[in-house]
Amino acid sequence: MPSVLAPQRPEAASVVAVRAGSALPRRSRTLAWSYLAAAGILLAALAVGPSWLSSPLMAVAVLGGLAAMAYGARRMAAPGERGPWMCLLASAGLFFVAIVIRAVVPGAGASPPTSMALIPDAFALPGYLIMGYAFGSMLRSRRAVEDDPARVDALLVGLAAAFMCWTYVMVPSMAQTDLTPLRVANSFFPVFDVVLLVLAAQLALSGGVRQLSLWLLLTAAAAMFAGDFLFMLRDGAIADVPQHTIDVLFTATFLFVGAAGLHPSMRSLTAPQQIIVKDLSKVRTALIALVVVVPVVITTVEPAGTLVNGAVRAGLCVALILAVFYRVVRSNNSRARAERATRRRATHDALTDLPNRELLAETVASWGDRAAAEQLEVSLLFIDLDRFKMVNDHWGHQVGDELLCAVAGRLGAQVRDADLVCRIGGDEFVIALASPSHTKLAESLAGRVLEEFSRPFELSVGNVVVSASIGVAKSLGGAQALELIRDADTAMYKAKGSGRNAYALFDTSLRDQVRDRMNLEQALRSALSRGELSVHYQPIVDLATGELDGFEALMRWQHPTLGAVSPMDFIPVAEETGLIVESGAWLLREAVGQLAAWRAEQGPRDRPLHVSVNVSVRQLRDHALAEVVRDVLTATGLPPEALWLEITESGVMEDLETALATLDALHALGVTLAIDDFGTGYSSLSYLNRLPVGIVKLDRSFVSDVGRHGANESIVRAVLAMTRAMNLRVVAEGVETELQRDWLREQGCDLAQGWLYGRPQLPADHADLIRRASVR
């Protein structure tokens, strides 16, 4: 069963048609409208028909209403929600018994009442109590009791009704000379009607679904109140009210309660509702004004006569004024609470309940105003979780959220009460603190935070270890809050660039680096369209024969004002911004097209050449990479085995499953896959065995000192032995001397590239190399 039902249109009766596994009877709507039409005809006939027809019509109407209530309670109400409707049926049955007794037992219906009137009253009184209980149960089921303004407004209606009943029913009854104890007791019967009216008014005024059954039930309650009011006027000999009018009102009560129980929307009266407090409508405002003003006017215009009458009327007027005062106070308090809640939502993170960027900026700004005067140093620790995306990708966002909450708790335990821990982004946290400028509190705290992150976080999936990169920025006052946050963010990126799981202090040179990087990024965005990018090719040679085996295609950038931009500078920017996907595809097309042109110049007995192209981490995550490669091979006619695609170990391991899917698709095309910079990343045999690679490129850092009994010679021998066992070919990078070449050849290395064989150059500069059969 849903805990809250959203507000719906009146015609959407299907909202409550099937609840708790119980469907409504077929044609229930048709039955309800047919009954309502018959009820209207019966009431019309009873109101204007001949007097001899009144008793039969009233009997049919009352019995029909009871039958409709019984059918609705048993067949229409959802299981578990029949209680209020069974109570309404029971109260109607008691009222029916009271009516029959008044009609059959001599003296039971006499006016003024005799002692025989106690017999029907003994049935009517429990009927009022049970009906009140039914209304109260509906209020609790609909959660209407949570609507405080509706409760107060209903109380205002009740107080006004009580004032009218006291003034025009109870006081005149007790003022009669032939007053008996029975008539005094009967004069207090309107109290029950007032209580029922309060409950009915709260049902009407509270939020939630207001469908036909609710209005029918309220109409029945109004009819009963009017009938009882007129009955008391007639019974107390206060006014000459025709019995026929009272009979019509009581009959309408039975018919409308029955109609409310038959209509499919009756389930909305016992279904939980979403209570939404709205602005006061004009009608409701007028109602509140009316129920307050009328009693006050009557008290002022009509003399009380007796002290008791004056005291009761004054008491009821005071109660009305206090209720209005209570409503105003509660309304003001509710608005203040809403404003505080809105303020908190605007200044706090919804997931961790930590302050957000807005509150951080406000706090740092307020600290900055007094930092200079009190010689305080305002420090920010900008904390970013390393590889948090892998947590979300591997375990899902729910576990990611769990980790963020755990991080928030752990950070909060490391700071002082005066410090501020904030979450300002996905996996970004900031700790703000103010301390005397001669202390190194920020650095000490950064060290403790890194130490805390070395301990596993206990999550629902088990223990998870995640590191953090921290940037520290300080100010002695005068710095803008957003500038300090930006500086701490900049220092954090320095920590990430230094290998993660560390902290870095901000200095002004970092700001210059950020500016230069932004300028570089903007220039790079248009470099391809302006024709500033080019492809340079470095030879790859067979060590055993000295023959040219192929080329590695390398992207180069010649900017009109910056000059030749190092790949070490612009490739990371292209990778981070995603520009590498477009430029990498361009590099692939250029390299494959150039190789196809070179192979076309070769003779039939020349060694077939290959071209090796680097593939970035971003490209590996792009599911369209295999399609791009297929299209390029198809367009150029190049055999797939002539294309080598180089990947880095670290790039694959950042998202192993996605990378494996892309690599398998590329391998299925027939292209050759190579591990670049082998030895600098994970270098795990188990991972290497899982990857569909055919080439291993040994990083230049291992090649630089071979042939001179360097420390890395044993590592290179081990790598060569391992790759031979796995049927992989090895390319040694960075070969610059003949000594390195000869040593690698002796160890059985397959291929080599480096300045010994040629620098990366434009295609035209390799024309002679292509024409020669081999390179010695």
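Residues numbered from 1 in each chain as written. Predicted model: local features only at pLDDT ≥ 70, side-chain atom pairs only at ≥ 80, totals over all residues. Heavy atoms only, no water.

Colleague: I would appreciate a short explanation of empty space enclosed by the protein in the present structure.
Modeller: If you roll a probe as big as a water molecule over the atoms, it shows you where there is empty space left. All chains considered together, the criterion is met by seven cavities of 30 Å³ or more. If you trace the second largest cavity, you find it lined by Gly584, Ala585, Leu588, Val613, Asn614, Val615, Gln619, Leu625, Val629 and Leu645. In terms of residue count, helix α19 (residues 579–601) provides more of the lining of the second largest cavity than any other element does, three residues in total. (1 Å grid on protein atoms, 1.4 Å probe; cavity = no way out; pocket = protein on both sides within 12 Å on 5 of 7 lines; lining within 4 Å. Points joined across faces, edges and corners; volume = space filled by probe spheres on them. Helix = DSSP H or I, 4+ residues; strand = E, 2+ residues; numbered from the N terminus.)

Colleague: Can you walk me through the packing of aromatic side chains in this structure?
Modeller: Think of a pair of aromatic rings as described by two things: how far the centres are apart, and how the planes are tilted against each other in angle. Inspection of every chain in the model, using the stated rule, returns seven aromatic pairs. Measuring from ring centre to ring centre gives 5.2 Å for Phe95 and Tyr128, while their planes differ by 70°; the resulting arrangement is edge-to-face. Separated by 33 residues along the polypeptide, Phe95 in helix α3 (residues 83–104) and Tyr128 in helix α4 (residues 118–141) bring together distant segments of the chain. Across this residue pair, the class does not change: Phe95 and Tyr128 are buried. Relative to Phe457, the ring of Phe453 has its centre 5.6 Å away and its plane inclined at 70°; by these criteria the two rings are edge-to-face. Given the relative accessible area of 1%, Phe457 is considered buried. Here the basic side chain of Arg410 rests over the ring of Phe457, its NZ or CZ set 3.8 Å away from the ring centre. (Phe/Tyr/Trp six-rings, centres within 6.5 Å; stacked < 30°, edge-to-face > 60°. Buried < 20%, exposed > 50% of the residue type's maximum accessible area, 1.4 Å probe, protein only. Lys NZ or Arg CZ within 6 Å of the ring centre and 35° of its normal.)

Colleague: Could you clarify how one ought to interpret the sheet that holds strand β3 (residues 428–436) in this entry?
Modeller: Two modes of strand pairing occur in sheets, parallel and antiparallel, and in both the strands are linked by backbone hydrogen bonds. The sheet built from five strands is open, its strands ordered β2-β3-β1-β6-β7 with mixed pairing. Two strands lie at the open edges of the sheet, namely β2 (420–423) and β7 (503–505), each paired on one side alone. Pairwise comparison of adjacent strand axes, ignoring direction, gives a mean angle of 20° for this sheet. Its contacts with the sheet place helix α15 (residues 441–453) against β1 (376–385), β3, β6 (468–475) and β7, and it is angled at close to 170° to β6. (Pairing = 2+ DSSP bridges. Axes fitted to C-alpha atoms, helices over the stretch in contact; angles between N-to-C directions. Contact = heavy atoms within 4.5 Å.)

Colleague: Honestly, a nonpolar patch on the surface in this entry has me stumped. Any pointers?
Modeller: On the surface, Val97, Met116, Ile119 and Phe123 cluster together into a nonpolar patch covering about 270 Å² of accessible area. Positionally, Met116 belongs in the loop between α3 and α4. Residue classification places Met116 among the partly exposed positions, given a relative accessible area of 31%. (Patch = residues over 30% accessible without salt bridge, like charges linked within 9 Å, V, L, I, M, F, W, Y side chains within 5 Å. Areas by Shrake-Rupley, 256 points an atom, 1.4 Å probe, with all protein chains shown as cover. Salt bridge = Lys/Arg side-chain N within 4 Å of Asp/Glu carboxyl O.)

Colleague: Please clarify how helix α27 (residues 738–746) should be interpreted in this entry.
Modeller: In an α-helix, one full turn covers 3.6 residues, which means residues spaced three or four apart are oriented alike. Along α27, the residues that are buried comprise Gln740, Arg741, Trp743 and Leu744. Contacts from the buried residues of α27 go to α25 (700–703), α26 (713–725) and β15 (729–732). The first or second residue beyond α27 is Gly748, which carries a positive phi of 90°.

Colleague: Even after reading the chapter, I still don't get the packing of helix α17 (residues 508–525) against helix α18 (residues 567–577), so can you show me in this structure?
Modeller: Between two packed helices, both the angle of their axes relative to each other and the distance between the axes serve to describe the pair. As a packed pair, α17 and α18 sit with axes 10 Å apart at the nearest point and diverge in direction by 75°. The angle between α17 and α18 places the two elements in the roughly perpendicular class. Each of Arg517, Leu520, Glu521, Leu524 and Arg525 in α17 lies in contact with α18, whose residues at this interface are Asp569, Phe570, Val573, Ala574, Glu576 and Thr577. Its residues placed into classes, the contact of α17 with α18 shows five nonpolar, one polar and five charged. (Parallel < 35°, antiparallel > 145°, perpendicular 65-115°, else oblique. Nonpolar A, V, L, I, M, F, W, Y, C, P; charged D, E, K, R; others polar.)

Colleague: Would you explain the pattern of salt bridges in this entry?
Modeller: Side-chain pairs of opposite charge can arise whenever the charged atoms involved come near each other. What the rule picks out here adds up to 32 salt bridges. Lys697 serves as the salt-bridge partner of Glu552, at 3.0 Å between the closest nitrogen and oxygen. Remark: Lys697 occurs in strand β14 (residues 695–698) and Glu552 occurs in strand β9 (residues 548–559); sequence separation between them is 145 residues. The pair Glu552 / Lys697 is uniform in exposure class, with both members buried. A salt bridge links Asp742 to Arg745; its shortest N-O distance comes to 3.9 Å. Of the two residues, Asp742 and Arg745 both sit in helix α27, three residues apart, roughly one turn of that helix.

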